[in-house]
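Here's the letter readout for the chains.
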2 protein chains.
Amino acid sequence: MKPVTIGLLGLGTVGQGVANILTRNAAEIERRTGRSIRLTRAAVRNKAKAEALNLGIDITTDAQSLVSDPDIDIVCEAMGGDDPALSLLHSAIANGKHVITANKALIAVHGNELFRAASEKGVTIAFESAVAGGIPIIKALREGLTANRIEWLVGIINGTGNFILSEMAEKGRTFDDVLAEAQELGYAEADPTFDVEGIDAAHKLAIMASVAFGMPLQFDAVYTEGISQITREDVEFAEELGYRIKHLGVARRRKEGVELRVHPTLIPERRLLANVNGVMNAIVVHGDAVGPTLYYGAGAGSEPTGSAMVADIIDAVRCLDADPAHRVPTLAFQPDALTPHVMLDTANYQSAYYLRLHALDQPGVLATVTDIFGKLGISIEAILQKEPEMVGELSDDSIEVPNVPIILLTRRVREGLIETAIERIEALSTITQPVTRIRVESL
Amino acid sequence: MKPVTIGLLGLGTVGQGVANILTRNAAEIERRTGRSIRLTRAAVRNKAKAEALNLGIDITTDAQSLVSDPDIDIVCEAMGGDDPALSLLHSAIANGKHVITANKALIAVHGNELFRAASEKGVTIAFESAVAGGIPIIKALREGLTANRIEWLVGIINGTGNFILSEMAEKGRTFDDVLAEAQELGYAEADPTFDVEGIDAAHKLAIMASVAFGMPLQFDAVYTEGISQITREDVEFAEELGYRIKHLGVARRRKEGVELRVHPTLIPERRLLANVNGVMNAIVVHGDAVGPTLYYGAGAGSEPTGSAMVADIIDAVRCLDADPAHRVPTLAFQPDALTPHVMLDTANYQSAYYLRLHALDQPGVLATVTDIFGKLGISIEAILQKEPEMVGELSDDSIEVPNVPIILLTRRVREGLIETAIERIEALSTITQPVTRIRVESL
């Protein structure tokens, strides 16, 4: 049988991973598929640099010629960015190519139109490599857990952010200090906004939620909060309460609607997810039949991401000329069964909360604060009242009243109620600083 | 389109899980598959008991009539045991039914012949539910990690054993004490041999290894060692050295051949796998491209196991009348590419070792022992020499020399060498008891 031919858009970190795997494991892959798979062409910006890799393939700077090349069966997009990636994928589909992409932003934002085009043309579009690198999480959600009504999923899906929070927790370092190191190590970009403000995680969360719940992609509905405001104190107080702080993507389907949110989160230290450290990723998925399952692995990197792309290639090869009905549906559900779900606004999210207050060290403050919660019907799970924070020693004639940090853990409650509580607390004359609020998930 | 019809062999714990899921999630499943899936018949031993479940399906005691029923498309075997399960599956295949089984012993021992029969008949045979309950580990190995040359996998794949070891570690209890409780809770059978001696884990390991490495099933090649000899002391000493003891299945592919082994194992306490407690299961898989990935979830139970069976049903439904070439190969590799691998004998296994010695408290014992290791070229990673074990106080005129436990951790070494070292140590007059040996995997 004639080999299946692959054309690669981009020969950066991910593209080279794909090329290395297809070469090194060619025999093992052929034992699996029964067909030879050959990378024959790559389109790049810098031809000399790509040719220096000595891959023995045709290198072109004309990406358009690659996606219309009649000798290419499958196009893999590993170039990133919005354009020309989007138009190239559309061209590839229009030319009847199966397409595979690692481009999470592109799928999260333009996925619906790309899937429609692929479906009309009867070709596969696959994106395992766009979410959590080498972890086969799309496979698990789309195929492994099909018996389940998936109720929620929670993931550490940005390695940079997890590296920063892990270092802060393990070594008592500050956010800025670790970020600078992460940039030196190449874990974080010069502009770290995408990673530390949760935009990258939001892309991945939007994709996973669509596959899990059977709804069109809705990236705009993801609420996003970064980790740059997390202090050493919060990390330490969380620890004292038996929690770790992780930057989580959370997708939950409730009767009233869907919550899609990315934010720093306290999770109990005994949970496996709390022990996922460094640049690793992990996702917990809760299905009504199976209960919780967890998937862990490298969320980025050349060969881990390449591993996911090549798995998609092998799936596509198996069904290259199959009736599309025999393929797994792109978003796990039949296209005509994808239903737009109600998206909840943040006031209707539900979560438990960690609140850090700074109060004057006066009798009665705690009673006033707990009274606010009581009146709103918010249950308190734990209170920590710390020693006063004093700068230097107080002399006898000092009239300065020291600040006391008060830490509260609430039970699960509607977010709107917490906002009201915070407003009322901040209005108290005994409260000296804005309240710090971090969500808590018990998993 | 006409609904796909399912016939169930057995309506025990697992069978009921399948029935519940297919009923409760019928709409969600149809959104996924685009077809209605209906459980129409079940074959059981006790008809009255099954009818009392009020499932609204035909109940028969004539299993043979079910597997030859022209109105049944897919047969699910959830009865367990060797016979008549084996002959019923053969009949179902001969009648052109797709078959799905949760029967790990049957697949581990008779899988090769069943797969051959299914392949000749062009039907699917699937067994996700036979390994690690609801964790989609066969899906991950067979499809998610296809880009990789899988080098090793290590798993906690027996919930009963893990419950016992977790309780021993967390509460300082003895093996016998926890086993008795596990039997009361229904986690362990009246005869716990299958679970605690590692036979159940060996079945699952044999299946995973075949799928991971692309070789015919070879259950006989699995070396098996149980956990009934693990003492509280070993659990405590392991902890002191920074390790936990887990009952692991280990499959490793080395240049020289394959190791398949089930045994108690020390693993570093910081590894996620060391923190998988209670009846939960988890498997770490190491691929050459992706590195380590981990899969965690419920390894048994009605709906978790049912979840895996129903996922297999949905895969089968998708390719019900597809060209078999479009299906994933049963053992992940093309049948003609399955190569029998060399199976190593235990002397050629490689591992690090924890050794517990009991020596007379005399000067020079440690030197004699370490000399034995030195001469054999075995490197020592750590030594713990504990306080003498004394029963009551020694009086001045006592001539009893107390016993000292000595704990040694070796580096990675060939098992044959360790056996030699142990022989030489046990021959020393200063050594008072047989040496305890537990393998160590650093993962």
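Going by an unreviewed UniProt entry, chain A carries the name Homoserine dehydrogenase and comes from Granulosicoccus antarcticus IMCC3135. Quoted verbatim from the Catalytic activity (unreviewed entry) field of UniProt, the annotation for chain A is "L-homoserine + NAD(+) = L-aspartate 4-semialdehyde + NADH + H(+)". Comment text from UniProt for chain A, heading Sequence similarities (unreviewed entry), reads "Belongs to the homoserine dehydrogenase family."

(A) Here's a closer look at the overall build of chain A. A tally of regular secondary structure across chain A gives 15 helices and 17 strands. Relative to the compact-globule value of 22 Å for 443 residues, chain A shows a C-alpha radius of gyration of 25 Å, a close match. Principal-axis analysis of the C-alpha atoms places the extent of chain A at approximately 90 × 45 × 35 Å. Per element, the accessible surface of chain A, about 17,100 Å² overall, is 48% carbon and sulfur. Of note, chain A has its 41 positive side-chain charges centred 8 Å away from the centre of its 59 negative side-chain charges.

(B) Quick peek at the packing of aromatic side chains. All names here are of chain B. Using the criterion set out here, one finds seven aromatic pairs over all chains in the structure. Geometrically, the ring pair formed by Phe163 and Tyr187 is edge-to-face, given 4.9 Å between the ring centres and 80° between the ring planes. With Phe163 in helix α8 (residues 159–171) and Tyr187 in the loop between α9 (175–185) and α10 (193–196), this pair connects stretches of sequence that are 24 residues apart.

(C) Seen up close, the UniProt feature "active site" (unreviewed entry) in chain A. All names here are of chain A. Per the UniProt record, "active site" (unreviewed entry) is annotated on Lys204. Within the secondary structure, Lys204 is located in helix α11 (residues 199–213). Assessed through its relative accessible area of 4%, Lys204 is described here as buried. Aside from chain neighbours lying at most four places away, what touches Lys204 is Lys104, Ala130, Val131, Ala132, Ile157 and Asn158.

(D) Structural context of the packing of helix α5 (residues 85–94) of chain A against helix α6 (residues 104–121) of chain A. All names here are of chain A. Where α5 meets α6, the closest approach of the two axes is 10 Å, and the angle between their N-to-C directions is 15°. When the interaxial angle is binned, α5 and α6 end up roughly parallel. In this structure, α5 crosses over α6, and the sense of that crossing is right-handed. Listed contacts from α6 to Ala85, Leu86, Leu89, His90, Ile93 and Ala94 of α5 are Leu106, His110, Glu113, Leu114, Ala117, Ala118 and Lys121. Grouping the constituent residues of the contact of α5 with α6 by class yields nine nonpolar, two polar and two charged.

(E) How the structure looks around the pairing of strand β9 (residues 243–254) of chain B. All names here are of chain B. With eleven of its twelve residues buried, β9 lies for the most part within the structure. In terms of strand pairing, strand β7 (residues 150–156) meets β9 through four bridges, oriented antiparallel. Residue pairing for β9: Val154 is matched across the bridge by Val250. Judged from the twelve bridges that link them, β9 and strand β10 (residues 257–268) form a sheet pairing that is antiparallel. Within the sheet, the bridge partner assigned to Arg254 lies in β10 and is Gly257. Two successive antiparallel strands, β9 and β10, enclose a turn made up of two residues.

(F) Geometry of the relation of the copies chain A and chain B. Taken as rigid bodies, chain A and chain B are interconverted by a rotation of 180° and an axial shift of 0.0 Å, the fit giving an RMSD of 0.0 Å. Look at the turn and shift together and you get a two-fold axis relating the two. No C-alpha of chain A approaches the rotation axis more nearly than that of A:Tyr295, which lies at 2.5 Å. The overlap is high: 100% of the interface residues of chain A also sit at the interface in chain B, so the same surface is used on both sides.

(G) Just the domain arrangement of chain A, in detail. Each assigned domain of chain A is listed here: domain 1 (4–134 + 303–337), domain 2 (137–298) and domain 3 (347–440). Taken over C-alpha atoms, the centre of domain 1 of chain A sits 52 Å from the centre of domain 3 of chain A.

(H) Here's a closer look at unusual backbone geometry. In this chain, A:Asp83 is followed by A:Pro84 through a cis amide linkage whose omega measures 15°. Structurally, A:Pro84 can be placed in the loop between β4 (74–77) and α5. With a phi close to 55°, A:Asn54 is a non-glycine residue in the positive phi region. In this structure, A:Asn54 sits in the loop between α3 (47–51) and β3 (58–60). Within the chain, B:Ala132 stands out as a residue other than glycine whose phi angle is a positive 60°.

(I) Quick look at the interface of chain A and chain B. With 67 residues of chain A at the interface, the matching set in chain B holds 67 residues. Both sides of the chain A and chain B interface together cover about 5,100 Å² of buried area, and 51% of this is carbon and sulfur. When residues of chain A are sorted by the area they lose upon contact with chain B, A:Arg31, A:Arg32 and A:Arg318 head the list and together hold 17% of the total. At the surface where chain A touches chain B, the tally comes to ten salt bridges. In this structure, the salt-bridge partner of A:Arg270 is B:Glu170, at a minimum N-O distance of 3.8 Å. At the surface where chain A touches chain B, the tally comes to 32 residue pairs in polar contact (both at pLDDT 80 or more). By residue number, the principal contributor to the side of chain A that touches chain B is helix α13 (residues 302–318) of chain A, which donates eight residues.

(J) Summary view of the pattern of salt bridges. The tally for this structure, following the rule as stated, stands at 66 salt bridges over all chains. Here B:Glu167 makes a salt bridge to B:Lys171, at a shortest N to O gap of 3.1 Å. Residue B:Glu167 and its partner B:Lys171 are located together in helix α8, separated by four residues, close to a single helical turn. Relative accessible area serves as the criterion here: at 53%, B:Lys171 is assigned to the exposed category. A salt bridge links B:Glu256 to B:Arg254; the shortest N-O distance between them is 3.1 Å. Overall, B:Glu256 belongs to the partly exposed group, its relative accessible area being 44%. A single network of salt bridges, built from pairs that share partners, joins A:Lys139, A:Glu143, A:Asp315, A:Arg318, B:Lys139, B:Glu143, B:Asp315 and B:Arg318.

(K) Summary view of the sheet that holds strand β1 (residues 4–9) of chain B. Residue and element names in this part refer to chain B. Taken together, six strands build an open sheet; the order of strands is β3-β2-β1-β4-β5-β6 and the sheet is parallel. Only two strands of the sheet have a single neighbouring strand rather than two, namely β3 (58–60) and β6 (125–126). Contacting β1, β4 (74–77), β5 (98–101) and β6, helix α5 (residues 85–94) runs over the sheet at an angle of about 155° to β5.

(L) Local environment of helix α1 (residues 13–24) of chain B. Residues and elements named next belong to chain B. For α1, spanning twelve residues, the distance from its first C-alpha to its last is 16 Å, which sits close to the expected 16 Å at 1.5 Å a residue. Listed in full, the buried residues belonging to α1 are Val14, Gly15, Gly17, Val18, Ala19, Ile21 and Leu22. On its buried face, α1 is in contact with β1, α2 (26–33), β2 (37–43) and α13 (302–318).

(M) View of the packing of α8(B) against α9(B). All names here are of chain B. The geometry of α8 relative to α9 is characterised by a closest axis approach of 9 Å and an angle of 130° between their N-to-C directions. As summarised for this structure, α8 and α9 are arranged oblique, according to the angle between their axes. Considering the relative orientation of α8 and α9, their crossing is right-handed. From α8, Phe163, Ile164, Glu167 and Met168 reach across to α9, where they touch Phe175, Val178, Leu179, Glu181, Ala182 and Leu185. Residues that form the contact of α8 with α9 fall into these classes: eight nonpolar, no polar and two charged.

Rules and cut-offs
Residues numbered from 1 in each chain as written. Chains lettered and ligands numbered in written order. Predicted model: local features only at pLDDT ≥ 70, side-chain atom pairs only at ≥ 80, totals over all residues. Heavy atoms only, no water. UniProt positions renumbered as here; feature names shortened; annotations may be inferred. Helix = DSSP H or I, 4+ residues; strand = E, 2+ residues; numbered from the N terminus. Rg over C-alpha atoms; globule rule 2.2 N^0.38 Å. Areas by Shrake-Rupley, 256 points an atom, 1.4 Å probe, with all protein chains shown as cover. Lys, Arg positive; Asp, Glu negative; His and termini not counted. Charge placed at Lys NZ, Arg CZ, Asp CG, Glu CD. Phe/Tyr/Trp six-rings, centres within 6.5 Å; stacked < 30°, edge-to-face > 60°. Buried < 20%, exposed > 50% of the residue type's maximum accessible area, 1.4 Å probe, protein only. Contact = heavy atoms within 4.5 Å. Axes fitted to C-alpha atoms, helices over the stretch in contact; angles between N-to-C directions. Parallel < 35°, antiparallel > 145°, perpendicular 65-115°, else oblique. Left-handed = near helix turned anticlockwise from the far one by under 90°. Nonpolar A, V, L, I, M, F, W, Y, C, P; charged D, E, K, R; others polar. Pairing = 2+ DSSP bridges. Least-squares fit on C-alpha atoms with pLDDT ≥ 70 in both. Domains from an automatic or database assignment. Buried area = accessible area lost by both parts, 1.4 Å probe. Salt bridge = Lys/Arg side-chain N within 4 Å of Asp/Glu carboxyl O. Polar contact = N/O pair within 3.5 Å; in protein donor to acceptor, adjacent residues only side chain to side chain. Expected span 1.5 Å × (residues − 1).

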